[in-house]
Protein chains: 2
Amino acid sequence: MTKQSVKERILETALDLFHEKGYHGVTIDKIVEAAQTSKGGFYHNYKSKDALLYEIHDVFISVVLKKTKEAYDTHETPIEKVVAMLYAFTYVFDYYQRHITVFYNEGTYLPDEYKEVINEKRTEYQKLIEQVISDGVEFGSFRKEISTSMTTMAIIGLVNWTYKWYRQNGPMTMQQITSYFNDIILRGIVTKEGYEEALKQQLLIIE
Amino acid sequence: MTKQSVKERILETALDLFHEKGYHGVTIDKIVEAAQTSKGGFYHNYKSKDALLYEIHDVFISVVLKKTKEAYDTHETPIEKVVAMLYAFTYVFDYYQRHITVFYNEGTYLPDEYKEVINEKRTEYQKLIEQVISDGVEFGSFRKEISTSMTTMAIIGLVNWTYKWYRQNGPMTMQQITSYFNDIILRGIVTKEGYEEALKQQLLIIE
DNA sequence: GTGTATAGACCGACTAGTCGGTTTGTAAAA
DNA sequence: TTTTACAAACCGACTAGTCGGTCTATACAC
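Residues numbered from 1 in each chain as written. Chains lettered and ligands numbered in written order. Predicted model: local features only at pLDDT ≥ 70, side-chain atom pairs only at ≥ 80, totals over all residues. Heavy atoms only, no water.

Novice: Before we go on, may I ask you to explain the overall build of chain A in this structure?
Specialist: Tallying secondary structure elements over chain A gives 10 helices and zero strands in all. Counting from the amino terminus, chain A carries its helices and strands in the arrangement α-α-α-α-α-α-α-α-α-α. For chain A, the C-alpha atoms occupy an extent of roughly 60 × 35 × 30 Å along the three principal directions. Classification of the 207 residues of chain A by burial places 53% in the buried group. Sequence separation of at least 24 residues holds for 68% of the intrachain contacts in chain A that already meet a minimum separation of 6. Summed over its atoms, the accessible surface of chain A is roughly 10,000 Å², and 50% of this surface lies on carbon and sulfur atoms. (Helix = DSSP H or I, 4+ residues; strand = E, 2+ residues; numbered from the N terminus. Buried < 20%, exposed > 50% of the residue type's maximum accessible area, 1.4 Å probe, protein only. Contact = heavy atoms within 4.5 Å. Areas by Shrake-Rupley, 256 points an atom, 1.4 Å probe, with all protein chains shown as cover.)

So, in structure tokens, the structure goes:
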């Protein structure tokens, strides 16, 4: 039985509530009531409601970035890297779906100072994906005529959109979804050689 | 020079502001000031702020649904239909980007009564895409082992995510983006026969 | 061991400001 | 005269944040 600090309880509760009702649909009074603490308890642990929103953003993007970097660094070929990076996101997804929802829905409301910090990390994440794509083109795994930036946006879109419909207790696990998306994306961008490699690595779904 | 009614001016202004600052980042006072009218003008034309939010949602989803249906009905083969449906979305996109942003970011805040109406149309839209995919599998254009529902979500995600990064005056037109996405998706799901058909119809990007 | 000083954690009544919505007023149209 | 279309002052509920104060724990003196 883990003793949860008040700060942790506030964060957890806020995540649940934000996820369900949105940032502006939840008052601090509601949070402290649900977290069984008080206004004082809240402001002792967080500077403001915005600061709490920032914390949620930062926790999420930091983990994504870290896991994605790891995936990039610990794999050899571009194909392996892309696939690993998507699985990294999967990993994050299962534990951070509430964060993601807040991240993409309420980001507009972050005060500028906070927004900058977050955007830097977000850009870094994007750059990583672009890097893999252009690596893959150079390497001969991905077709020369694909656009690095658009392919990146396609991948990010495909993956991120999951937060809108994925349910933990739905019929599909994130593993399954990701392997499916990997299949579609890979088929969409590989060269003949890339296709052979992906086949050999069992990254494609076949009959 | 079209004479714009107060109602239209309010809607246009609200769209701009919501797009930029989010629904809760904009007060009615700000709207009426920017639209050069008054509180009275606003409440004469709209029942409430929520009703305005609903109107934005409804205008958008109705157009999407209509255009998608048309695309479905006026084309023959599943491949042509998918492609046409994505282009339909493109068409909508260029004129309705602000609506889309509001639709996907602020939908949580729609009162339940409104939400139901919107969700019905949204489901209908989704069903249409699912239909085309399963048509395509039956028809032999798309691979048998693909999942209808996940492919649908993949397509919707890919396309919808565009609202997060597309800029009217950016380097790419929505036409270009859509044809690019069509390429990736088609390659991702077609059979050999489907591939041949897509090639013949010049739906794939080749070197 | 016992009393005392101090710091950090937490409480909750209160406030100042905000914002959606209402009411009253008015000029032109019908 | 009545209705429509808007203007502008106003209201009251709500909410983020404050502030004086209490409670608990630990460290240290005696």
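Novice: For this particular structure, what's the right way to read the environment of B:Gly40?
Specialist: All names here are of chain B. Within the secondary structure, glycine 40 is located in helix H3 (residues 39–45). Its relative accessible area of 48% is what places glycine 40 among the partly exposed residues. Glycine 40 sits 156 residues away from glutamate 196 along the chain, and the two C-alpha atoms are 61 Å apart.

Novice: Sorry if this is basic, but what is going on with the packing of helix H5 (residues 78–106) of chain B against helix H7 (residues 148–160) of chain B here?
Specialist: When two helices pack together, their arrangement is given by the angle between their axes and by how far apart the axes lie. All names here are of chain B. At a closest axis distance of 11 Å, the pairing of H5 and H7 adopts a crossing angle of 70°. On the basis of their axis angle, the class for H5 and H7 is roughly perpendicular. When H5 is examined against H7, the residues Leu86, Phe89, Phe93 and Tyr104 are found in contact with a partner set consisting of Ile155, Val159 and Asn160. A breakdown of the residues in the contact of H5 with H7 according to their chemical character gives six nonpolar, one polar and no charged. (Axes fitted to C-alpha atoms, helices over the stretch in contact; angles between N-to-C directions. Parallel < 35°, antiparallel > 145°, perpendicular 65-115°, else oblique. Nonpolar A, V, L, I, M, F, W, Y, C, P; charged D, E, K, R; others polar.)

Novice: Whenever I open this one, the interface of chain B and chain A confuses me. Can you help?
Specialist: Think of interface size as the accessible area that goes away when the parts come together; that is how it is often given. The interface of chain B with chain A comprises 41 residues on the first partner and 41 residues on the second. Both faces combined, the contact of chain B with chain A buries some 3,400 Å², and carbon together with sulfur accounts for 65% of it. On the chain B side of the interface with chain A, the three residues burying the most area are B:Met150, B:Trp161 and B:Tyr180, jointly 22% of the side's total. Where chain B touches chain A, the interface holds two salt bridges. The partner of B:Asp183 in a salt bridge is A:Arg143, with the nearest N and O atoms 3.0 Å apart. Inspection of the chain B/chain A interface yields 14 residue pairs in polar contact (both at pLDDT 80 or more). In terms of residues, the side of chain B that touches chain A owes the most to one element, helix H9 (residues 174–189) of chain B, which gives nine residues. Residues belonging to the side of chain B that touches chain A are distributed by class as follows: 20 nonpolar, 11 polar and 10 charged. (Buried area = accessible area lost by both parts, 1.4 Å probe. Salt bridge = Lys/Arg side-chain N within 4 Å of Asp/Glu carboxyl O. Polar contact = N/O pair within 3.5 Å; in protein donor to acceptor, adjacent residues only side chain to side chain.)

Novice: Sorry, what's going on with the packing of aromatic side chains here?
Specialist: Ring pairs (aromatic) are described by centroid distance and by the angle formed between their planes. Counted by the stated rule, this structure contains 24 aromatic pairs over all chains. Ring plane angle 15° and centroid distance 4.6 Å describe the contact between A:Tyr54 and A:Tyr114, whose orientation is recorded as stacked. Remark: A:Tyr114 occurs in helix H6 (residues 112–139) and A:Tyr54 occurs in helix H4 (residues 49–73); sequence separation between them is 60 residues. The class for A:Tyr54 is buried, based on a relative accessible area of 19%. Ring geometry for A:Trp161 versus B:Tyr104: centroids 4.9 Å apart, planes at 90°, classification edge-to-face. Of this pair, A:Trp161 sits in the loop between helix H7 (148–160) and helix H8 (162–165) while B:Tyr104 sits in helix H5, placing the two residues on different chains. Take B:Tyr104: its relative accessible area is 8%, and that puts it in the buried class. Among the aromatic residues, ring-to-ring pairing joins A:Phe60, A:Phe103, A:Tyr104, A:Trp161, A:Tyr163, B:Phe60, B:Phe103, B:Tyr104, B:Trp161 and B:Tyr163 into one connected group. Lying across the ring of A:Tyr72, A:Lys81 places its NZ or CZ 3.9 Å from the centre. Taking NZ or CZ as reference, B:Lys7 lies 5.3 Å from the ring centre of B:Tyr46, over its face. (Phe/Tyr/Trp six-rings, centres within 6.5 Å; stacked < 30°, edge-to-face > 60°. Lys NZ or Arg CZ within 6 Å of the ring centre and 35° of its normal.)

Novice: Can you walk me through the relation of the copies chain B and chain A in this structure?
Specialist: A rotation about some axis, followed by a shift along it, carries one copy of the chain onto the other. When chain B is brought onto chain A, the operation consists of a screw motion whose angular component is 180° and whose axial shift is 0.0 Å, with 0.1 Å RMSD remaining. The transformation relating the two chain copies, once decomposed into turn and shift, fits a two-fold axis. Interface overlap between copies is the fraction of interface residues in one copy that are interface residues in the other; for chain B against chain A it reaches 100%, indicating a shared surface. (Least-squares fit on C-alpha atoms with pLDDT ≥ 70 in both.)

Novice: Before we go on, may I ask you to explain the side chain of A:Thr77 in this structure?
Specialist: Along the chain, the position of A:Thr77 falls in the loop between H4 and helix H5 (78–106). A relative accessible area of 16% places A:Thr77 in the buried class.

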